[in-house]
Amino acid sequence: MVMSFVLMFPSLTAFADGKVYEISINNEIEKGLVEHLKRGFDEAKSNNAEAIILNMHTPGGFVAAASEIGRLMDAIDIPIIAFVNSDALSAGAYIALHADKIYMTPNATMGAAAVIDSSGNTAGEKAESDWLAKMTSAAENSGRNPIYAQAMVRNDYDLPELRAPKGKLLTLTAEDAEKVKYSEGTVASITELLEITNLDGSEVVKVELTFAEKLARFITNPIIVPILLSIASIGLVVELYSPGFGVAGTMGLASLGMFFFGHTIAGFAGYETVIIFVIGLILLIAELFVPGGIVGIIGGALMIGSLLFAGESFVHMAYSILIAMIIAGIGMVILMKFFGKKLHMFNRLVLRDATTTEEGYVSNKNRIELIGKTGQAITPLRPSGTVVVDQERLDVVTQGGYIDAGKTVEVVKVEGSRIVVREFIGRGGE
């Protein structure tokens, strides 16, 4: 009888053995989060999970990343529950609307989804129109009234009963969301959420960020990228002024390695961008041995291009590279002006041999034997002219004064072809 009872209700045993996957969406929404969610969804699917709970606490983030997360949620056939633990603002509201069910804690909020650019200003009409359409579609596909999603994006809707009159974006509290059916209920914790959704007998599996994913999310942060590139540029610049290869060069290459590692893990960069960067670096080094400059220019262009295409935002990467280049330039000036450093690495490019007299190089015969001899000026010296010394005509200059023709002169200095004389007064005085 017991066996028959169990066979009649197979769902009870399945329910007892089921798993619920909990994935946290904390902080800013960016591409690194996409890869984390993709891994969590794949694990849930491979383990036949009963449901996926998105534990949300986010102020929003990049529209492109949120759109990709929305596509991931639409593609999976496992029920998804958005648990707004504190905030689901901007792109977070868009993700929540893609869930099959939404539950909020009593103090949670959802909304304020206007599109803003990297400077904090409202984005252009084109971007706003696209985002409005996406929010509308997300609300409609989940069976919710799209007017509230639209009021989260634009401030020209008049919803005074929800504290969103014209000129103000809509942000829903837990009570508001439940009233307009943007939330299925208000719960205090995950435990209460599991009870209200009849999942309290299931095993909760938390999908934690791996070290690589944490590092990738940190490295791809818009604030960290220019800092990382600046460290790389400073390290490589210092290495150029140092003999051999040491700590500074290692630091620069490590920073570049971290940049590409994080952006590859996050899905921004592919292996092709790394290969292009390495090729550019090889060409730049080859410029030290190949004259002309073309190889170095091509190498530098490939390196900059690979960095530009490795980031999520082309414009942001351009600004980051510009900041790094300015810092590198300042570093070069400081090293040369204040520390007297020289470019040891570029010694091959700079002609340092000097044809000095000490080295035995002379451009003409140095007539030092004339020093102390006297002669007669045959032309006025104003201050240059001609004299005769030991029956040899010489072109000379005075020390600055005027000497008449016929005066006796004495050779006082010889500098190559330049012979300097003065009027000879006699050995007794000047």
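On a predicted model such as this, the values are computed, not experimentally measured, just so you know.

A.B. asks: Would you take a moment to explain the overall build of the protein for this structure?
C.D. replies: The helix and strand inventory of the protein stands at 15 helices and 13 strands. For the protein, buried positions account for 40% of its 430 residues. Restricting to contacts in the protein with at least 6 residues of sequence separation, those with at least 24 account for 61%. Carbon and sulfur atoms provide 59% of the accessible area of the protein, an area that totals close to 23,500 Å².

A.B. asks: Help me understand helix 14 (residues 294-310) in this model?
C.D. replies: Given 3.6 residues per helical turn, the α-helix brings residues three or four places apart onto the same face. Taking 1.5 Å per residue as the helical rise, helix 14 with its 17 residues ought to reach 24 Å, and the 24 Å between its terminal C-alpha atoms agrees with that figure. Within helix 14 the residues assigned to the buried category are G296, G299, G300, M303, G305, S306, L307, L308 and A310.

A.B. asks: Where do I start with the nonpolar core in this structure?
C.D. replies: Looking at soluble globular proteins, one finds that nonpolar side chains tend to be buried together. In this structure, I52, L54, M110, M135 and Y182 are the most contacted members of the largest nonpolar core, which totals 57 residues. Per-element tally for this core: the top contributor is helix 5 (residues 91-97), with six residues. Excluding residues that lie within four positions of it along the chain, Y182 makes contacts with L97, I102, M110, A139, R144, N145, P146, Y148, A149, M152, L172 and A177. Of all hydrophobic cores here, the second largest spans 17 residues; its members include I219, V225, L228 and A310.

A.B. asks: Would you explain the packing of helix 3 (residues 31-46) against helix 4 (residues 63-75) in this entry?
C.D. replies: For any two helices packed against each other, the geometry is given by the interaxial angle and the distance between the axes. For the pair helix 3 and helix 4, the least separation of the axes is 9 Å and the interaxial angle reads 10°. It follows from the interaxial angle that helix 3 and helix 4 lie roughly parallel. Taken together, the residues of helix 4 that come into contact with helix 3 (itself represented by K31, L33, V34, L37, K38 and F41) are A65, E68, I69, L72 and M73. Taken together, the residues of the contact of helix 3 with helix 4 break down into eight nonpolar, no polar and three charged.

A.B. asks: Teacher, can you tell me more about the packing of aromatic side chains here?
C.D. replies: A ring pair, where both rings are aromatic, is described by two values, the distance of the centres and the angle of the planes. This model, assessed by the stated rule, comprises four aromatic pairs. Between F259 and F260, the aromatic rings sit 5.2 Å apart at their centres with planes inclined by 85°, giving edge-to-face as the arrangement. Per residue, the accessibility class of F259 equals that of F260, and both read buried. With centroids separated by 5.1 Å and ring planes inclined at 55°, the aromatic side chains of F260 and F277 adopt a geometry described as tilted. One end of the pair, F260, is in helix 12 (residues 247-265); the other, F277, is in helix 13 (residues 271-286), with 17 residues separating them in the sequence. By the burial criterion, F260 is buried, and F277 matches it. Among the aromatic side chains, those forming a connected cluster through ring pairs are F259, F260 and F277.

A.B. asks: What's the story with the environment of A112 in this structure? I'm lost.
C.D. replies: With respect to the helices and strands, the residue A112 is situated in the loop between strand 5 (109-111) and helix 6 (125-141). Sequence separation between A112 and L172 is 60 residues, and the spatial gap between their C-alpha atoms is 8.6 Å. Once residues within four sequence positions are removed from consideration, A112 is found in contact with L89, S90, M152, L169, L170 and T171.

A.B. asks: Explain the sheet that holds strand 9 (residues 374-377) here, please?
C.D. replies: Strands in a sheet are paired, the pairing made by backbone hydrogen bonds, and the direction either parallel or antiparallel. Reading around the barrel, the five strands line up as 9-10-11-13-12 and close back on themselves, with mixed pairing between neighbours. Strand-to-strand twist across the sheet, computed as the mean angle between neighbouring axes with direction ignored, equals 55°. Sheet topology places strand 12 (residues 408-415) next to strand 13 (residues 418-423); six bridges connect them, and they run antiparallel. When the bridges of strand 13 are listed, V414 appears paired with I419.

A.B. asks: Before we go on, may I ask you to explain the pattern of salt bridges in this structure?
C.D. replies: A pair can form between side chains of opposite charge whenever their charged atoms are brought close. For the structure shown, the criterion picks out 13 salt bridges. R418 is the salt-bridge partner of E415, the closest N and O atoms lying 3.0 Å from each other. You can call E415 partly exposed: its relative accessible area is 44%.

A.B. asks: Looking at this structure, how should I read the packing of helix 10 (residues 211-219) against helix 12?
C.D. replies: One can describe the packing of helix 10 onto helix 12 by two numbers: an axis separation of 8 Å at closest approach and a directional angle of 110°. Viewed along their axes, helix 10 and helix 12 adopt a mutual orientation that is roughly perpendicular. Residues A212, L215, A216 and I219 of helix 10 touch helix 12, and the partners they reach there are M258, F259, F261, G262, H263 and I265. Split by residue class, the contact of helix 10 with helix 12 holds eight nonpolar, two polar and no charged.

A.B. asks: I would appreciate a short explanation of the side chain of R144 in the present structure.
C.D. replies: Assignment of secondary structure puts R144 in the loop between helix 6 and helix 7 (146-153). Assessed through its relative accessible area of 5%, R144 is described here as buried.

A.B. asks: Which parts of the structure should I look at to understand the side chain of D176?
C.D. replies: As for its position among the elements, D176 is in helix 8 (residues 174-179). At a separation of 2.3 Å, a polar atom in the side chain of D176 contacts the side chain of R163. Not counting residues within four places of it along the chain, the set of residues in contact with D176 comprises L162, R163 and T171.

A.B. asks: What is the right way to look at the pairing of strand 4 (residues 101-104) in this model?
C.D. replies: Put simply, side chains in a regular strand alternate between the two faces of the sheet. Taken together, the four bridges between strand 3 (residues 80-89) and strand 4 define a ladder with parallel strand orientation. Looking at the pairing, I81 lines up with K101 of strand 4. Each parallel crossover has a hand, and the one from strand 3 via helix 5 to strand 4 is right-handed. Pairing analysis gives two bridges linking strand 4 to strand 7 (residues 185-186), with the strands arranged parallel.

A.B. asks: Sorry if this is basic, but what is going on with a nonpolar patch on the surface here?
C.D. replies: A cluster of nonpolar residues, V315, Y319, L322, I326, I330 and I334, forms a patch on the protein surface that exposes about 580 Å² of accessible area. In this fold, Y319 is placed in helix 15 (residues 314-337). Of the residues examined, Y319 reaches a relative accessible area of 54% and is grouped as exposed.

Reading guide: rules and limits
- Residues numbered from 1 in each chain as written.
- Predicted model: local features only at pLDDT ≥ 70, side-chain atom pairs only at ≥ 80, totals over all residues.
- Heavy atoms only, no water.
- Helix = DSSP H or I, 4+ residues; strand = E, 2+ residues; numbered from the N terminus.
- Buried < 20%, exposed > 50% of the residue type's maximum accessible area, 1.4 Å probe, protein only.
- Contact = heavy atoms within 4.5 Å.
- Areas by Shrake-Rupley, 256 points an atom, 1.4 Å probe, with all protein chains shown as cover.
- Expected span 1.5 Å × (residues − 1).
- Core = buried A, V, L, I, M, F, W, Y, C linked by side-chain atoms within 4.5 Å.
- Axes fitted to C-alpha atoms, helices over the stretch in contact; angles between N-to-C directions.
- Parallel < 35°, antiparallel > 145°, perpendicular 65-115°, else oblique.
- Nonpolar A, V, L, I, M, F, W, Y, C, P; charged D, E, K, R; others polar.
- Phe/Tyr/Trp six-rings, centres within 6.5 Å; stacked < 30°, edge-to-face > 60°.
- Pairing = 2+ DSSP bridges.
- Salt bridge = Lys/Arg side-chain N within 4 Å of Asp/Glu carboxyl O.
- Polar contact = N/O pair within 3.5 Å; in protein donor to acceptor, adjacent residues only side chain to side chain.
- Right-handed = clockwise from strand over helix to strand, strands pointing away.
- Patch = residues over 30% accessible without salt bridge, like charges linked within 9 Å, V, L, I, M, F, W, Y side chains within 5 Å.

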